[in-house]
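Commentary on secondary and tertiary structure
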Amino acid sequence: MEVIIQKDTQAAARLVALMIEKQVRFNPYSILGLATGRTMEIVYAMLADGHKAKGTDFSLVRTFNLDEYVGLPAENENSYRSYMNRRLFGKINIDIRNTFIPNGMAEDLHEECSRYERQIKHVGGIDMQLLGIGQDGHIGFNEPLSALRSITRVKALTPETIQQNGPLFGGFDLVPRRAITMGVGTILETTRCLMLVTGGSKANILRKAIEGPISSMVTASALQLHPHCTVICDEAAAADLEGGDYYRWIFMNEPEWEDYRNLC
Ligand code: F6R
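Residues numbered from 1 in each chain as written. Predicted model: local features only at pLDDT ≥ 70, side-chain atom pairs only at ≥ 80, totals over all residues. Heavy atoms only, no water.

**Side note on the pairing of strand 7 (residues 153–156)**
- Side chains R153 and K155 of strand 7 all project onto a buried face; the interleaved residues V154 and A156 project onto a face where none is buried.
- Where strand 7 meets strand 8 (residues 178–181), four bridges bridge the pair, whose relative direction is antiparallel. The partner of K155 across the bridge, within strand 8, is A179. (Buried < 20%, exposed > 50% of the residue type's maximum accessible area, 1.4 Å probe, protein only. Helix = DSSP H or I, 4+ residues; strand = E, 2+ residues; numbered from the N terminus. Pairing = 2+ DSSP bridges.)

In structure tokens, the structure reads:
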């Protein structure tokens, strides 16, 4: 795992957007894994701007989202389908038929989860997976105690997650109680992972996830097992990290990051 610390949210999101653009330029047929949530809003705005200003071409890209609420129709403004269409897909030249999100309205949810997992395998797996982290350490909706080898399935949300997402729904009572999510195992199968973490409220959980023990109580800690995971965070989220100086040194000195140093 590598950890890249940027001075603020803007710079951290910029780095993530640049890495996604580079991936899409390198392989126009890229399979991207996408996340939703507040952290990603700025990344998608930057990708949309990049498409407009630099002509980043998404026409051949396919995307798989991490998760979707159970029981929310796609048209509901709080569904992740609606979020993605509004914030990204409607603003770039992606073919909407190449954007995949679990169907939280499926009659047979179990079959929907298996189908989603098969679809990911069918396209040859995810090249680059974008992730955020929840206050309880979840990635996707893999809440505490999710098996570290779990695959796509229905998960009950924790009270903490319901609390975290309550304001978006206009009240905690309105937040769905379950979601379909890619499993931790599904995420570990991706070729490359980028986890973006911003803001002081994530400092404690970020430390647990990357410097603490691997535990199903903090599912993001499973990323320590991923062969190529990069965590990009801002100084506020990095506040509790013990290895901060070393991580900063990596970004400033390792050749891999040279192209990005002056751009962020
Ligand atoms: C949603 C997802 C979640 C969020 C996490 C952080 O698709 O994958 O794991 O990334 O809940 O959400 P925010 O960014 O709103 O703090």
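**A closer look at the sheet that holds strand 1 (residues 2–6)**
- The seven strands are arranged 1-10-9-6-2-3-5 in an open sheet whose pairing can be described as parallel. Two strands lie at the open edges of the sheet, namely strand 1 and strand 5 (99–100), each paired on one side alone.
- Sheet analysis places strand 6 (residues 128–131) next to strand 9 (residues 192–197), joined by four bridges and oriented parallel. Opposite L130, over in strand 9, you have L194 as the bridge partner.

**As for empty space enclosed by the protein**
- Following the criterion strictly, the structure yields two cavities of 30 Å³ or more and no others.
- Approximately 40 Å³ is the volume found for the largest cavity.
- Lining the largest cavity, in full, are I20, L32, L34, L47, F58, T63, L88, F89, I92 and I94.
- Taken together, the residues that form the lining of the largest cavity break down as nine nonpolar, one polar and no charged.
- The space that makes up the second largest cavity amounts to roughly 30 Å³.
- For the lining of the second largest cavity, the elements supplying multiple residues, two or more each, are strand 2 (31–34) and strand 6.
- Class assignment of the residues belonging to the lining of the second largest cavity gives a composition of six nonpolar, two polar and no charged. (1 Å grid on protein atoms, 1.4 Å probe; cavity = no way out; pocket = protein on both sides within 12 Å on 5 of 7 lines; lining within 4 Å. Points joined across faces, edges and corners; volume = space filled by probe spheres on them. Nonpolar A, V, L, I, M, F, W, Y, C, P; charged D, E, K, R; others polar.)

**So, the packing of aromatic side chains**
- Considering all chains together, one arrives at eleven aromatic pairs under this definition.
- Measuring from centroid to centroid gives 6.4 Å for Y80 and Y83, while their planes differ by 70°, and the two rings are edge-to-face. Of this pair, Y80 and Y83 are both found in helix 3 (residues 80–87), three residues apart, which corresponds to roughly one turn of the helix.
- When its relative accessible area of 10% is taken as the criterion, Y80 is described as buried.
- Y83 gets classed as buried once you look at its relative accessible area, which sits at 8%.
- Joined through ring pairs, the aromatic side chains of Y44, Y69, Y80, Y83, F141 and F169 make up one cluster.
- Stacked on the ring of Y83, the Lys or Arg R87 has its end atom at 5.3 Å from the ring centre. (Phe/Tyr/Trp six-rings, centres within 6.5 Å; stacked < 30°, edge-to-face > 60°. Lys NZ or Arg CZ within 6 Å of the ring centre and 35° of its normal.)

**Points about the site of the ligand**
- Within the structure, the ligand sits among 15 residues, and T36, T39, D67, H138 and G140 are positioned closest to it.
- Between the ligand and R38, the relevant distance is 2.9 Å, taken from an oxygen atom to a main-chain nitrogen or oxygen of the residue.
- Take G140: an N or O atom from its main chain is 2.7 Å from an oxygen atom of the ligand.
- Protein contacts shield 95% of the accessible area of the ligand, which totals 410 Å² for the unbound molecule.
- Judged by its atoms lying within 2 Å of the grid points, the ligand is housed in the largest pocket.
- Classifying every residue of the shell around the ligand by side-chain character gives four nonpolar, eight polar and three charged. (Near = heavy atom within 4 Å. Polar contact = N/O pair within 3.5 Å; in protein donor to acceptor, adjacent residues only side chain to side chain. Areas by Shrake-Rupley, 256 points an atom, 1.4 Å probe, with all protein chains shown as cover. Sits in = over half its atoms within 2 Å of the grid points.)

**Let's talk about the layout of surface pockets**
- Here the largest pocket defines a volume of roughly 600 Å³.
- Secondary-structure elements contributing two or more residues to the lining of the largest pocket are helix 2 (38–54), strand 4 (67–69), helix 3 and helix 5 (159–169).
- Per-class residue counts for the lining of the largest pocket are eleven nonpolar, 14 polar and seven charged.

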